[in-house]
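If you want the building blocks of each chain, they are given just below.
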Amino acid sequence: MQPSIGHSCGVFGVYAPNQPVANLAYLGLFALQHRGQESAGIAVSDGQTITVIKDMGLVSQVFDERKLASLSGHIAIGHNRYSTTGSSSWQNAQPVYGSVGDEGFALGHNGNLTNTADLAASLGMLPGFVPPKSAVDSTTDSALVAELISRAWPVERRSDGRELEIALEAVLPTLEGGFSFVLMDDSRLIGARDPHGFWPLVIGRLEGGGWVLASESAALDLVGAHYVRDVQPGEMVVIDATGLRREVRWAEPEPKLCLFEFVYFSRPDTRLYGHTVHTARQRMGESLAKQAPVDADMVMPVPESGIPAAQGFARASGIPYGDGLVKNRYVGRTFIQPSQKMRGAGVRMKLNPLPENIEGKRLVVVDDSIVRGTTTRQVVKMLREAGAAEIHFRVSSPPYRWPCFYGMDTGQRSALLAADLSVGEIRDYLDVDSLAYLEIDRLTAATGADAESFCTACLTGDYPVAIPDADAKMLLEPIRRELETPSPIDAP
Ligand code: SF4
């Protein structure tokens, strides 16, 4: 998959008195960096005050020793953002901070709501209208949720301090679409997932005591936590000084985990539905070799996304595995795109062929998916120029034909290569000798999990949650408040 396609975001939370929670959140976000590279942020509570630091860029660019040292406390949440609603700008970075009187809370959201317009209208947030006394500090649907929480906040201050979870129990059932939340007030860490559980969220236990919430199980390993269980679809969990205090099923679960977590999003060392992602990706390649065999001299991946499936394809076909492309590991989203004149250099900065491995060979080239197809086409061109005799392209997922409304940013349907083209037409467009996509049944079988437990909407058009009439993206943009000069430190 091309790196230009938006991932869903990464969220992390930690409750650990007497431990450096900001540093743990930093490590957790570092492990989840692949889920969003536009902005990063951490909110920390010391029991009195919630402090938020967030900025544009990678986790390692946003935080240094000095900033982390300024975040002392016993609870932290963190967020890596890839914009799926609102524009890519500082005020849309997360965690989002909300307040009611002198009580504060912070929120990190992975996913995308589908009833944004209805929710905004329910708050009187129509374009051009700025709600008075709004606690919203950004234009994302996540900020809308923060505003809903503020409005559902119990009027009377409670002796048990459970205002946030009570407000959430009122707000969560009004939300539609995909969401895995981490939230905190001054003394509680809360996690919640939508009833379909589109995006993963796991609970871990720290070796030195304390609790962790994370988008992926691999992030637990990095902070020295062990996996306890998933936050279930339709569940809210509350962690405080007494431990995992509340496990609330606020909606009937109907699991539909994003199938692309197995195909592309998740780290290979993450486990989903009890199965390791790397192994599942290798099985996808094996299945692809059986479904669409071909005579060839070498199986090679489009690095790095196609590596496990190419390994599986080679193993099942008996065709030797080799490297035909070298990836520059240091080209991130901050890479300045070359001018029109230097266009060809764009892909070459990321991928460069190894002619001595390619020349005169019949190649099987494996990638995990093709979304827009522009990078794939350029890769094929490079391989031909490097002397490939034949190119047989194999994709370890079905054609990506429908846009995602639950948290992956693919843009309009017209931007999707397979939206209106047949496989034969795509083969001609890419200029390959043959092309095959893994069938959906084979893909779900390769995961090892129940086929019914996945969202497959972008591959099948079968949307588990009704999609909005018009793409809600940018809907909230006109109501952006006049903000003071953005500062990387948001200390409410
Ligand atoms: S539409 Fe596709 S990318 Fe979006 S949640 Fe469903 S499977 Fe994942």
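Residues numbered from 1 in each chain as written. Predicted model: local features only at pLDDT ≥ 70, side-chain atom pairs only at ≥ 80, totals over all residues. Heavy atoms only, no water.

## Points about the pattern of salt bridges
Evaluation of the coordinates by the stated rule reveals 26 salt bridges. Note that Arg 162 and Glu 165 form a salt bridge whose closest N and O atoms lie 3.2 Å from each other. According to the relative accessible area criterion, Glu 165 is buried, its value standing at 0%. Glu 165 serves as the salt-bridge partner of Arg 245, at 2.6 Å between the closest nitrogen and oxygen. A residue pair is termed long-range when its members are at least 10 positions apart, and Arg 245 in strand S13 (residues 243-249) and Glu 165 in helix H6 (residues 163-171) qualify at 80 residues. Each member of the salt-bridge network shares a partner with another, and the members are Arg 158, Asp 160, Arg 162, Glu 165, Glu 169, Asp 185, Arg 188, Asp 240, Arg 245 and Arg 246. (Salt bridge = Lys/Arg side-chain N within 4 Å of Asp/Glu carboxyl O. Buried < 20%, exposed > 50% of the residue type's maximum accessible area, 1.4 Å probe, protein only. Helix = DSSP H or I, 4+ residues; strand = E, 2+ residues; numbered from the N terminus.)

## Quick word on unusual backbone geometry
Following Gln 94, the chain continues to Pro 95 via a peptide bond in cis, the omega torsion being 5 degrees. You can see Pro 95 is positioned in the loop between strand S4 (75-81) and strand S5 (96-100). Of note in this structure, Tyr 273 is not a glycine but carries a positive phi near 50 degrees. Along the chain, the position of Tyr 273 falls in the loop between strand S15 (271-272) and strand S16 (275-276). In this structure, Asp 431 takes a positive phi of about 65 degrees despite not being glycine. Its location among the elements puts Asp 431 in the loop between helix H14 (423-430) and strand S22 (434-437).

## Overview of the packing of aromatic side chains
Under the definition given, this model contains 13 aromatic pairs. Measuring from ring centre to ring centre gives 5.7 Å for Phe 405 and Tyr 463, while their planes differ by 65 degrees; the resulting arrangement is edge-to-face. A residue pair is termed long-range when its members are at least 10 positions apart, and Phe 405 in the loop between strand S21 (390-395) and H14 and Tyr 463 in the loop between helix H16 (457-460) and strand S24 (489-490) qualify at 58 residues. Using a relative accessible area of 13% as the deciding quantity, one classes Phe 405 as buried. With a relative accessible area of 18%, Tyr 463 lands in the buried category. Of the aromatic side chains, those joined through ring pairs into one cluster are Trp 199, Phe 260, Tyr 264, Phe 265 and Tyr 400. Positioned above the aromatic ring of Tyr 429 is the side chain of Arg 377, whose terminal nitrogen or guanidinium carbon lies 4.3 Å from the ring centre. (Phe/Tyr/Trp six-rings, centres within 6.5 Å; stacked < 30°, edge-to-face > 60°. Lys NZ or Arg CZ within 6 Å of the ring centre and 35° of its normal.)

## Considerations on the side chain of Lys 54
With respect to the helices and strands, Lys 54 occurs in strand S3 (residues 50-56). A distance of 3.2 Å separates a polar side-chain atom of Lys 54 from the backbone oxygen of Pro 95. (Polar contact = N/O pair within 3.5 Å; in protein donor to acceptor, adjacent residues only side chain to side chain.)

## Quick look at helix H5 (residues 141-152)
Here H5 spans 17 Å end to end across 12 residues, near enough to the 16 Å set by a 1.5 Å rise per residue. Along H5, 10 of the 12 residues are buried, which leaves the element largely enclosed by surrounding structure. Those residues of H5 that fall on the buried side of the exposure criterion are Asp 141, Ser 142, Ala 143, Leu 144, Val 145, Ala 146, Glu 147, Leu 148, Ile 149 and Ser 150. (Expected span 1.5 Å × (residues − 1).)

## Remarks on the packing of helix H9 (residues 277-291) against helix H10 (residues 307-317)
Packing of H9 against H10 brings their axes to within 6 Å, and their N-to-C directions diverge by 45 degrees. Between H9 and H10, the crossing angle belongs to the class labelled oblique. The two elements H9 and H10 meet at a crossing, and its hand is right-handed. In contact with His 278, Arg 281, Gln 282, Gly 285, Glu 286, Leu 288 and Ala 289 of H9, H10 contributes Pro 308, Ala 309, Gln 311, Gly 312, Phe 313, Arg 315, Ala 316 and Ser 317. Its residues placed into classes, the contact of H9 with H10 shows 6 nonpolar, 6 polar and 3 charged. (Axes fitted to C-alpha atoms, helices over the stretch in contact; angles between N-to-C directions. Parallel < 35°, antiparallel > 145°, perpendicular 65-115°, else oblique. Left-handed = near helix turned anticlockwise from the far one by under 90°. Contact = heavy atoms within 4.5 Å. Nonpolar A, V, L, I, M, F, W, Y, C, P; charged D, E, K, R; others polar.)

## Digging into helix H15 (residues 440-447)
Those residues of H15 lying buried are Leu 443, Thr 444, Ala 446 and Thr 447. Burial along H15 is one-sided: seen end-on, the buried residues are contained in an arc of 155 degrees. Exposed and oriented more than 90 degrees from the buried face of H15 are Asp 441 and Ala 445. Gly 448 lies just past H15 and shows a positive phi near 85 degrees. (Arc of directions from axis to C-beta.)

## What to know about the side chain of His 392
With respect to the helices, strands and loops of the structure, His 392 is situated in strand S21. Engagement of the side chain of His 392 in a polar contact is seen with the side chain of Ser 434, the distance being 2.7 Å.

## Thoughts on the confidence of the model for the protein chain
Here the protein chain averages 88 in pLDDT, while 86% of its residues score no lower than 70. Scored below 50 in pLDDT, residues 333-338 makes 12 contacts in the model with residues more than four places away or belonging to other chains. (pLDDT = per-residue confidence, 0-100.)

## Concerning the sheet that holds strand S8 (residues 189-193)
Ordered in space as S5-S6-S7-S8-S12-S13, the 6 strands form an open sheet in which the pairing is antiparallel. Only two strands of the sheet have a single partner each, and these edge strands are S5 and S13. The sheet shows a mean angle of 20 degrees between the axes of neighbouring strands, taken without regard to direction. As paired elements, strand S12 (residues 235-240) and S13 share 6 bridges and run antiparallel to each other. Looking at S13, one finds that Val 238 is bridged to Arg 246. Packing against the sheet, H5 makes contact with S5, strand S6 (103-113) and strand S7 (177-184), and its axis sits at approximately 140 degrees to S6. (Pairing = 2+ DSSP bridges.)

## Digging into the pairing of strand S2 (residues 39-45)
In terms of burial, S2 is largely enclosed, as 7 of its 7 residues are buried. Across the two faces of S2 the burial is the same, with Ser 39, Gly 41, Ala 43 and Ser 45 and Ala 40, Ile 42 and Val 44 all buried. Joining the antiparallel neighbours S2 and S3 is a turn of 4 residues, in which Gly 47 adopts a positive phi near 100 degrees. For S2 and S4, the ladder comprises 7 bridges, and the chain directions are antiparallel. Residue pairing in the sheet places Ser 45 in a bridge with Ile 75 of S4.

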